[in-house]
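Chain by chain, the residues run as shown.
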Amino acid sequence: MAKAKPDDELVFLPLGGSNEIGMNFNLYGFGPPHDRKWIVVDLGVTFGDQTTPGVEIILPDPTFIEQHAHDILGIVLTHAHEDHIGAVAWLWPRLRAPLYATPFTAFLLREKLREQDLLGEAEITEVPLGGTLDIGPFQVEMVTLTHSIPEPNGLAIRTPLGVILHTGDWKIDPDPVLGAVTDSETIQRLGDEGVLAMVCDSTNVFVDGEAGSEADVREALAGLIGGLKGRVAVACFASNVARMHSVINAAKAAGRRVCLVGRSMIRMASAARHVGLFDDVAEFVTEQQAGQFPADQVLYLCTGSQGEARAALSRIADGTHPHVKLGAGDACVFSSRVIPGNEVPIRNLQNKMADRGVRLYTERDHPGIHVSGHPCRDELSRMYHWARPQIAVPTHGERRHLLEHAAFARDLQVPQTVAPRNGDMVRLAPGRAEIIDEVPSGRLYVDAGVVTPENGDALRERRHAAFNGVLSVAVVLDGRGKIASGPQVRAIGLPTDDDYPLDEVLDDLAGEAEQALKRLSGDDREFDDLVEQALGRAVKKASQRIWGRRPVVETTVLRL
């Protein structure tokens, strides 16, 4: 590896995943400030909630690095979770850099690129487990870890100014069921070589002990499923292929055939077969075939553990699924945790299931049926003991996680800590680690398949309408600008009561609109925009008096 020049710097720049959990988007830059070369590590999404009506997918804003796209040497993906690869197909056209991933991740990545008609354009290099890449001044070694998805990789990034260990998502699992155990020997070898900085997962920094092993979950699921009667549905994260495998084994032992319900389940099973992880798994039965089996001979493995409205489990709970029905005497097992923010939809889903007579089993009453995929404090301590970095850089966490992780690293005698926010450029070398710049960072929304700015007009208006309602006002004017018909007012999403029925409210609003129109001069009535403004102001003012809110007002002026 070439030696560093006097003005070379090594920088770390998170544009997603710092001060939040999800939407990971990290950059490493090397060279002088005016001529840095970059690699991107992960390019993920997060998901919309009640504050983003109509928006399901949220992307990190690549504006800063897009301006330096010609200096991006590659995009390296640590594993295949959506918060690490979900934005690639949306944002790759802006970056157009080569993609690097291990086989399981590469399989799913190709599917995403195919959906966006990009498969023929994007260059994907499939990297073997434990493989090494030479990308300009960066030599990247894949380090096998354990997590809740196949082929999770840490990255040992060697540069002329030092070695960075980027952990990605990980835990220490002595028996992960599928795949290899954490490659502690390589991490300790890196520690002996000298790790300048470790950029590390912070998700479970407040949790003492260890996350637990998938082998224990396999045993718990086998015991639970083996004792259930009637139809059985199991909900888990589709990406947790080891968990899928445990459920499949438990079903087989209980004399049940497995039916995959939900596109994500089917896609992940295909990826697992592609890389040989499901070689011992029998063919699944289709939804139509499953309906022909006796109730105690079928198990449905479903998407939708987080209460997602369009996922398989929600449709089953609503009774709208075309093939899968659950009712009295059946069971539903939630082999997953509640992701913060999803409490309400999950509770609603479970209440609907219970109302149908379905018996529910969750980690609250059966703690052994789920374990986290992220490291708790004892695992973090072991990782720091192995790697012995000079600098701790917490990522993948909210602000409180990052600051607690930094304090924990200091307690473990790590000499330097930096807890950046998205957009903070951290100089790792030369000299002491410090934040040297702040670059634009933010979010983009995928709205009806279109990538839009975070504060775009469409979503702002939709939010306004969701909280305040909508009024439409229409009026017809004759050739002299006098009222020929109307004004007519209609309402969407506005309340009413018996003492003041909505019909009366709308009549009063129409009266306010008529008076506002009459106050306009004859000359002003010739201009539609002035008429619309007068009608809108009058109706909004009256709405504020009646409801204490200002709805969206749409005005229509027609002329004879």
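One can find the structure itself at the top, above this paragraph.
Presented here is a report on the structure given in the accompanying data block.

What counts and what doesn't
Counting of residues starts from 1 at the beginning of each chain's written sequence and follows it residue by residue. Only residues with pLDDT of at least 70 get local features here, since the model is predicted, and only at 80 or more are side-chain atom pairs given and counted; chain-wide, interface and lining totals rely on the full set of residues. Excluding hydrogens and water, the side-chain figures rest on all heavy atoms present in the structure. A run of H or I in DSSP becomes a helix once it reaches four residues, and a run of E becomes a strand once it reaches two; helices and strands are each numbered from the N terminus. Using the Shrake-Rupley algorithm and a 1.4 Å probe, accessible areas are obtained, with residue cover drawn only from the displayed protein chains. Note on charges: Lys and Arg go in the positive column, Asp and Glu in the negative column, and His and the chain ends are not counted at all. Charged side chains are reduced to one point each, which is NZ for Lys, CZ for Arg, CG for Asp and CD for Glu. The contact criterion used is simple: two residues touch if any of their non-hydrogen atoms lie within 4.5 Å. At least two bridges found by DSSP between two strands are what make those strands a pair. Interaxial angle, 0 to 180 degrees, is taken between N-to-C directions of lines fitted to C-alpha atoms, where a helix line uses only the stretch in contact. Multiplying one less than the number of residues by 1.5 Å gives the expected span of a helix. For this document, the term salt bridge refers to a Lys or Arg side-chain nitrogen within 4 Å of an Asp or Glu carboxyl oxygen. Only protein chains enter the accessibility calculation, which uses a 1.4 Å probe. A residue is then buried if its area is under 20% of the maximum for its type, exposed if over 50%, and partly exposed in between. Residues qualify for a patch when their relative accessible area is over 30% and they have no salt bridge, like charges being joined within 9 Å and the nonpolar side chains of Val, Leu, Ile, Met, Phe, Trp and Tyr within 5 Å. Pairs of cysteine sulfur atoms within 2.5 Å are what we label disulfides. Stacked, edge-to-face and tilted labels apply to pairs of Phe, Tyr and Trp rings (six-membered ring for Trp) whose centres lie within 6.5 Å, assigned for plane angles under 30 degrees, over 60, and everything in between, in that order. Small angles under 35 degrees read as roughly parallel and large ones over 145 as roughly antiparallel, with 65 to 115 read as roughly perpendicular and the rest as oblique. What makes a crossing left-handed is the near helix being turned counterclockwise from the far one by less than a right angle; a clockwise turn instead makes it right-handed. The definition of a nonpolar core used throughout is a set of buried Ala, Val, Leu, Ile, Met, Phe, Trp, Tyr and Cys residues joined through side-chain atoms within 4.5 Å.

## Some remarks on the overall build of the protein
Part 1 of the argument: Helix and strand content of the protein: 16 helices and 27 strands.
Part 2 of the argument: Each of the three principal axes of the protein carries a C-alpha extent, and together these read 90 × 70 × 45 Å.
Part 3 of the argument: Taken as a whole, the protein presents about 24300 Å² of accessible surface, with 47% of it coming from carbon and sulfur.
Part 4 of the argument: Distance between charge centres in the protein, computed from 57 positive and 77 negative side chains, equals 3 Å.

## Describing the environment of aspartate 83
Part 1 of the argument: Note on placement: aspartate 83 falls in helix α2 (residues 82-85).
Part 2 of the argument: Distance from aspartate 83 to threonine 46, taken between C-alpha atoms, is 6.0 Å for residues 37 residues apart in sequence.
Part 3 of the argument: Excluding residues within four positions of it along the chain, aspartate 83 makes contact with Gly22, Met23, Asn24, Gly44, Val45, Asp169 and His396.

## Description of the sheet that holds strand β15 (residues 257-261)
The strands making up a sheet are joined through hydrogen bonds of the backbone, oriented either antiparallel or parallel.
Part 1 of the argument: If you walk across this open sheet you meet the five strands as β15-β16-β14-β17-β18, and the pairing is parallel. Among the strands making up the open sheet, the edge pair consists of β15 and β18 (359-361). Taking the axes of each pair of neighbouring strands and ignoring which way they run, one obtains an average angle of 20° across the sheet.
Part 2 of the argument: Sheet analysis places strand β17 (residues 331-334) next to β18, joined by three bridges and oriented parallel. Paired with cysteine 332 across the two strands is leucine 360, which belongs to β18.
Part 3 of the argument: This element, helix α7 (residues 241-253), spans β14 (232-235), β15 and β16 (298-302) of the sheet and lies at about 170° to β16.

## Describing helix α14 (residues 457-468)
Part 1 of the argument: With twelve residues, α14 should reach 16 Å at 1.5 Å per residue; the first-to-last C-alpha distance of 16 Å fits that figure.
Part 2 of the argument: Positioned one or two residues after α14, glycine 469 has a phi angle of 85°, which is positive.

## What about the pattern of salt bridges?
Part 1 of the argument: Tallying each qualifying case throughout the model produces 27 salt bridges.
Part 2 of the argument: In this structure, the salt-bridge partner of arginine 388 is aspartate 192, at a minimum N-O distance of 2.9 Å. Residue arginine 388 is found in the loop between α12 (377-387) and β19 (391-395), and its partner aspartate 192 is found in helix α5 (residues 184-193); the two are separated by 196 residues along the sequence.
Part 3 of the argument: When its relative accessible area of 39% is taken as the criterion, arginine 388 is described as partly exposed.
Part 4 of the argument: Since its relative accessible area comes to 60%, aspartate 192 is described here as exposed.
Part 5 of the argument: Taken together, the shared-partner salt bridges in this structure form one network comprising Glu9, Arg36, Arg427 and Glu434.

## Some details on the sheet that holds strand β23 (residues 443-447)
Part 1 of the argument: Taken in spatial order, the four strands make up an open sheet running β4-β5-β23-β24, and their pairing is antiparallel. Two strands bound the open sheet, and with one partner strand each, they are β4 (46-47) and β24 (450-453).
Part 2 of the argument: Of the strands in this sheet, β5 (55-60), β23 and β24 are in contact with helix α3 (residues 88-95), which crosses β5 at around 35°.
Part 3 of the argument: Taken strand by strand, α14 contacts β5 and β23, and its axis lies near 75° from that of β23.

## Focus: the environment of proline 394
Part 1 of the argument: Mapped onto the elements of the fold, proline 394 is located in strand β19.
Part 2 of the argument: Separated by 376 residues in sequence, proline 394 and serine 18 place their C-alpha atoms 8.0 Å apart.
Part 3 of the argument: Discounting residues that sit within four places of it in the chain, proline 394 has contacts with Cys200, Ser202, Leu402, His405, Ala406, Val418, Ala419 and Pro420.

## Points about the pairing of strand β6 (residues 72-76)
Part 1 of the argument: Burial within β6 is extensive, with four of its five residues counted as buried.
Part 2 of the argument: Two elements, strand β3 (residues 37-43) and β6, share four bridges in a ladder whose sense is parallel. When the bridges of β6 are listed, tryptophan 38 appears paired with isoleucine 72.
Part 3 of the argument: Where β6 and strand β7 (residues 99-101) come together, two bridges link them in parallel fashion. Bridge pairing links valine 76 to tyrosine 100 in β7.

## Let's talk about a negative patch on the surface
Part 1 of the argument: On the surface, Asp503, Glu504, Asp507 and Asp508 cluster together into a patch of negative charge.
Part 2 of the argument: Assignment of secondary structure puts aspartate 503 in helix α15 (residues 502-519).
Part 3 of the argument: Looking at aspartate 503, the relative accessible area reads 60%, which means it is exposed.

## Quick notes on the state of the cysteines
Part 1 of the argument: Here the structure, examined in full by the defined rule, presents zero disulfides.
Part 2 of the argument: For the unlinked cysteine cysteine 302, the closest cysteine sulfur is that of cysteine 332, found at 6.7 Å.

## A look at the packing of aromatic side chains
Part 1 of the argument: In this structure the tally under the stated criterion is three aromatic pairs.
Part 2 of the argument: Note on phenylalanine 12 and tyrosine 28: the rings are 5.1 Å apart at their centroids and 40° apart in plane angle, and the pair reads as tilted. Here phenylalanine 12 is found in strand β1 (residues 9-16), whereas its partner tyrosine 28 is found in strand β2 (residues 25-31), with 16 residues between them in sequence.
Part 3 of the argument: In this structure phenylalanine 12 comes out as buried when scored by relative accessible area, which is 0%.

## Brief notes about unusual backbone geometry
Part 1 of the argument: In the segment running from alanine 429 into proline 430, the intervening peptide bond is cis, with an omega of 0°.
Part 2 of the argument: The topology assignment puts proline 430 in the loop between β21 (424-429) and β22 (434-438).
Part 3 of the argument: Even without glycine at this site, arginine 388 takes up a positive phi of about 50°.

## Brief notes about the packing of helix α4 (residues 103-115) against helix α8 (residues 263-274)
Part 1 of the argument: For the pair α4 and α8, the least separation of the axes is 9 Å and the interaxial angle reads 135°. Overall, the two elements α4 and α8 adopt an arrangement that is oblique. Helix-helix and strand crossings are classified by hand; for α4 and α8 the assignment is right-handed. Contacts from Phe104, Phe107, Leu108 and Glu111 in α4 reach Arg267, Met268, Ser270, Ala271, Ala272 and His274 in α8.

## So, the nonpolar core
Part 1 of the argument: In terms of nonpolar packing, the biggest core is built from 76 residues, with Leu27, Val88, Leu99, Leu113, Met244, Phe278 and Leu301 touching the most fellow members.
Part 2 of the argument: A per-element tally of this core places α7 first, with seven residues.
Part 3 of the argument: Beyond its immediate sequence surroundings of up to four residues, phenylalanine 278 is in contact with Leu178, Val241, Met244, His245, Ile248, Ala269, Ala272, Arg273 and Phe284.

## Some thoughts on the environment of glutamine 515
Part 1 of the argument: With respect to the helices and strands, the residue glutamine 515 is situated in helix α15.
Part 2 of the argument: With relative accessibility at 40%, the residue glutamine 515 sits in the partly exposed group.

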